[in-house]
Amino acid sequence: MNGERDPAAESGSRSPLIDASVAPVLLEVIDLSKSFGAVRAVRDLTLDVRVGEVHAICGHNGAGKSTLVKALVGLVRPDEGVIRFDGNEISLRNPHDAQAHGIALVNQELSLVPELTVEDNIFLGGLDVPLLYRRRRLSEHARSVLDQLGLRHVQLGRSVESLSIGERQLVEIARLLVRDARLLILDEPTATLSKPEIERVFKATRDLVAQGRSVIFVSHRLDEVFELCDRVTVLRDGQRVATHEIHEIDRRTLIEHMLGEMEGARAMGEHGHAIPVSGEAVVRIDRLNVPGSVEDVSLTLESGIITGLAGQVGSGTSTILRALGGLVPNASGTVEVRGKKVLLNTPRRASAAGLLYIPNDRQREGLFLGQTVERNLTVVRLRRLSRLGVLLRRRIQRAARELATMAGVDLDRLGSPAASLSGGNQQKVLLGRALQLEGTALLALDEPTRGVDVGGRADIHNLVREAAREGTAVIFSSTELDEVLDLADVVVTIFHGRIVSIVPRAEASASAILADMTTSHASGTGMSS
Amino acid sequence: MARVGIERRPLRLADIALTVWIGILSVVTVYGALTTTGFLTVSNMKAILTAASFVGIIAVGLTVIVLSGNLFSLALGQTAAISAMVFLYSLRWGLAVGILLTLLLGLAIGTVQGFAVGAWGANPIIVTIGAAGLIEGMAVWLSHGESIVPPSDETSWEHLANPLFGLPVPVYVFIVVTIILAVVMRRTRFGRQIYLLGENRVAARAAALPITLLTVGAFGIASLYTAGAGVLIGATSANASLLLTGSYTYDAIAAALVGGNAVTGGRGSIARTAAGAIFIATISDMLLLRGYSTGGQILVRGIIVVVVVVLTNLRERNR
C-alpha cells in the first residue's frame, strides 16, 4: 500500500488503472473551501470516495465535517473548489441537484412524516414519480428495497410512527435507494440507536456497498468507524489531516490525528485553573435513571466546583441536567440538596430546592424572545423584586442593569426585545438571569455556549467561573472537548447514558476523554430497545 | 428609551398594510362622524359609552386570557347570563349579598376552567365550550327555563342602572375596572408573569413560573369581570334569562382582537382592548344612525375584525 501521508495518493488524481486493487473513484473533492464570515469552516479540503467503499469522516466538533456534508448535498455553496462525480465536474446549487446526481443524505433528524405510511414516505417528494404512477410497480420496488435492508417484517401500509427509531432510519435509507442514490451520506446515524438497531443499519450499509454503491459515514464513535469502514479521513480545523486505509491505523493514532497539538497544550492543566479546593458537597445524585437515556448516574457536586459532563449528542448528558431541573417527570433515583431529599417532578420543585436549570435551546426554551431584555434578565427573580405581589420597578431596573453589566450585555438594549440581539448576546442574557441569585445551590447549564462564537464563548466561560467562585456548585454539559477541558474542574464522561469516567481536570487528558466519549466499552449493554 | 437602529427589524409589508388600514379606518370614522346626523351630540356619545361598557368589562377581563397565551374563553356569554340570573335571584338577601354571591360564582366558574387548562394542559377552546354547555344546562335546570325577575320589595338594585352625574353606572364601572386591571397587568408580578407565559410557554416552564396558578388567575379574572358585567346587565334589564347570553362572547373577542392584541399571547394590553371595545361601539352606533340593517352592521363589524386580526398576526409572525 501507499505511504500513509503521501499527498499524491490522497488527492484523487490517481488513476484507478495504476493500482488494480483499488476500485474506481466515484466522488472527488478538490481544494474545497468555505468560510462563514471570518470563520474558515473548510480549507483546501481534498478527498475522494471510491465505488463500493464505506468512507469514514472523523473529527471533533468544529472540524468541518458538517460543512463538508452540506456542500456535498447542495445545502451550502463552497467558496472555492471542485466537486467531481463519476469523473464529471458537477455543481450542486441545491439539494435537488444533489438528488439528481444520486447523492443523498441520511440526517440525524430524520425527514420522514410520522403520520404517513412507510410507502407514502418512500415516494414522498420523489423526482421521478409519474403523475399517474403505476402503484403496483412502485409498491413492488419499495418492497424489494425494504427486504434488501432487512425490513422484511415491515408492511408498506404501516405508519412510520409505529416503527422504532432504527427502523425509521432504514426506511429513510430505503427512500433514498428508491431514488437510486449512488452515494449515501450517513451523518451520525447511530447517535440515537440501540445496539441491535445499529447492527441492522450496519448490515444494510455493508449490503449497499457490496452492490457497488458508496457510503460516507460521519461519526464520533471510533468503534463503529473501525467496525464498518474501509477508509477514514480525519478533519481538524477545517483541513484534512490524513486519510488511511482502516487496517493501517490504530485507535491511538486516529485520536492523535483528531486532536492535533491540542493534546500537548491541554494535558498539562496550564490554563490558569486554580486547583479547586474541595468544597462542601451541595448536591448528591444517587442512581439517576431515565428510561431509554440515562442509567444509574451517581454524582456528588460540591460548592465552587465546576463539573463538566462530556458526551456526544444523544449520550444523555442533556437529559441528566433536565432531570435536575425537574423537566423529566419519569426520572427516578434520589437527589439530595444540602442533605435534604428533593422530589424533582416539576420545575417549580427543583427551583424551590435551589436547582437552577438553564436550557440549551435558547430560542425555544430559554428566552422570551418578544419580551424585553430587562424582563428576560429578571424572570427567575421576580419574587425578590416585588413586595406583596407589586413589582418594585426601581429595584427591577437596578437588578437588570447589574446583571447586564455582569453578563456583558449592552445597557442600551435593556428595553429592546431579546429577539433583536445576536445569538451570543442572547446566550449572555439567558445566562445572566441565573447570576447571583440568592438560594441557588446548583447551576445546571445545558450546553452553555451552543452556537456562540469564540469571543462570546470566553466571556460566558468567565461568567460561569465567577458564579462558581462565589460558592455555587456548577454542572454543565458539552459535546465539545475544548470546552470541557477549558471550563471544568472535574470531567465526567458519559456514553450511552452511563458514566464512563470521572477525572479531576488536572489529570484529564484530551485523548482519554475522547476515547471515553466515543467508546462503548463496558457500557454497550446499557441500551436495549 | 433611546436606541440605535442597528439591529432594528426593517419595515415590512404587514407593518405598512396595518398602518394604511388604521389610516383608512380613521378617515372613514371621522368622515362618518362629521356627516352622520345626530352622531356628534352629547347624548349619542353617552349612548356609545353605555353600549361599550358591558362588552368592554367582559373584554378587558378576557384580555388576561389572551395575554397568557390561552386563546379565548367561549363561555363568556353564558357566564354573563347566569350571573345576571343569580344576581336578580339573590337580591332577596340584599344588594350586597347579591353582588358578592354573583362575583364569587363567577370567580369559581373561571377557576375551574383555568385549572383544567393550566394543570392538565387541556385545550382552552374545548374546555370553555364545554363550560358554556354546562353553565347553560345548569341555568335551565335551576330556573326551570323561566326568566328571573327581581323581588318586588327590593329596589336598591335600580341604582346600578340609573344615571349618576349624567352617565349610567356601568360606564363608571367600566372605566374603574379597566384602570385597575391595566395597573395589575403592568405593575404586579402576576401581570408580568402572564405576559411571559403568553410569550413562550415552554420557556416559562423551564424558568419555573407557576403556570397552573397563572392560568387559574387568568380565567378567574376573566370570569369575575364577566360576572360583574352580568350584575350590571341584570340590573339594567330587570329580567334575566339565557336570552341574555346574546353575542357577548363574540363581541368581547372582537374587541380584544380589534385592539390589536396578539392572538398567540404575550403582546398587547388592557388599554388596547378597551379602545377596541369603544371603537366597535362607535362604528355600530354610526351604522345604526345611518340606517343600516342589523345584518349590515354585523357584516361591517366582521370585516373590520377580520382585517385587523390578519394584519396584526402577519406582523407578529414577522417579528
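Just so it is clear, the model here is predicted, and its values are computed rather than measured.

A. Just the overall build of chain B, in detail. A tally of regular secondary structure across chain B gives 13 helices and two strands. With respect to the three principal axes, the spread of C-alpha positions in chain B is 70 × 55 × 35 Å. With 319 residues in all, chain B has 49% of them scored as buried. In chain B, the share of contacts with a sequence separation of at least 24, taken over all contacts with a separation of at least 6, comes to 78%.

B. Highlighting the overall build of chain A. Each helix and strand counted, chain A has 19 helices and 22 strands in total. Burial statistics for chain A: of 529 residues in total, 48% are counted as buried. Pairs at least 24 apart in sequence give 70% of the contacts found in chain A among residues at least 6 apart.

C. Up close: the interface of chain A and chain B. Opposite the 28 residues of chain A that make contact, chain B presents 24 residues. Residue contributions to the side of chain A that touches chain B peak at four residues, all from helix α12 (residues 347–352) of chain A.

D. Structural context of the sheet that holds strand β11 (residues 281–290) of chain A. All names here are of chain A. Taken in spatial order, the four strands line up as β12-β11-β14-β15 in an open sheet, and their pairing is antiparallel. A strand with exactly one partner marks an edge of an open sheet, and here the two such strands are β12 (294–302) and β15 (340–342). Mean inter-strand twist for the sheet, computed between neighbouring axes without regard to direction, equals 20 degrees. Contacting β11, β12 and β14 (332–337), helix α11 (residues 317–324) crosses the sheet at an angle of about 120 degrees to β11.

E. The arrangement of the domain arrangement of chain A in detail. All names here are of chain A. Segmenting chain A into domains produces domain 1 (112–179), domain 2 (280–354 + 439–529) and domain 3 (365–436). Computed from C-alpha atoms alone, the centre-to-centre distance between domain 2 and domain 3 is 25 Å. Here the side of domain 2 that touches domain 3 takes five residues from helix α17 (residues 454–469), the largest share from any one element. Of the residues belonging to the side of domain 2 that touches domain 3, the class tally is six nonpolar, three polar and two charged.

F. View of the sheet that holds strand β5 (residues 88–90) of chain A. Residue and element names in this part refer to chain A. Read from one edge of the open sheet, four strands run β2-β1-β4-β5, paired in antiparallel fashion. The open sheet has two edge strands, β2 (39–50) and β5, and neither has a second partner. Looking at each pair of strands side by side, their axes are set apart by 25 degrees on average, direction ignored. Sheet contacts for helix α2 (residues 65–72): β1 (25–36) and β2; angle to β2, the most-contacted strand, approximately 60 degrees.

G. Focus on the packing of helix α3 (residues 76–90) of chain B against helix α11 (residues 248–258) of chain B. Residue and element names in this part refer to chain B. The N-to-C vectors of α3 and α11 enclose an angle of 125 degrees; their axes lie 6 Å apart at closest approach. Comparing their axes, α11 and α3 come out oblique. Together, L76, G77 and A80 of α3 and Y248, T249 and A252 of α11 make up the contact between the two elements. Partitioned by chemical class, the residues of the contact of α3 with α11 number four nonpolar, two polar and no charged.

Criteria and cut-off values
Residues numbered from 1 in each chain as written. Chains lettered and ligands numbered in written order. Predicted model: local features only at pLDDT ≥ 70, side-chain atom pairs only at ≥ 80, totals over all residues. Helix = DSSP H or I, 4+ residues; strand = E, 2+ residues; numbered from the N terminus. Buried ≥ 20, exposed ≤ 12 C-beta atoms within 10 Å, placed from the backbone. Contact = placed C-beta atoms within 7 Å. Pairing = 2+ DSSP bridges. Axes fitted to C-alpha atoms, helices over the stretch in contact; angles between N-to-C directions. Domains from an automatic or database assignment. Nonpolar A, V, L, I, M, F, W, Y, C, P; charged D, E, K, R; others polar. Parallel < 35°, antiparallel > 145°, perpendicular 65-115°, else oblique.

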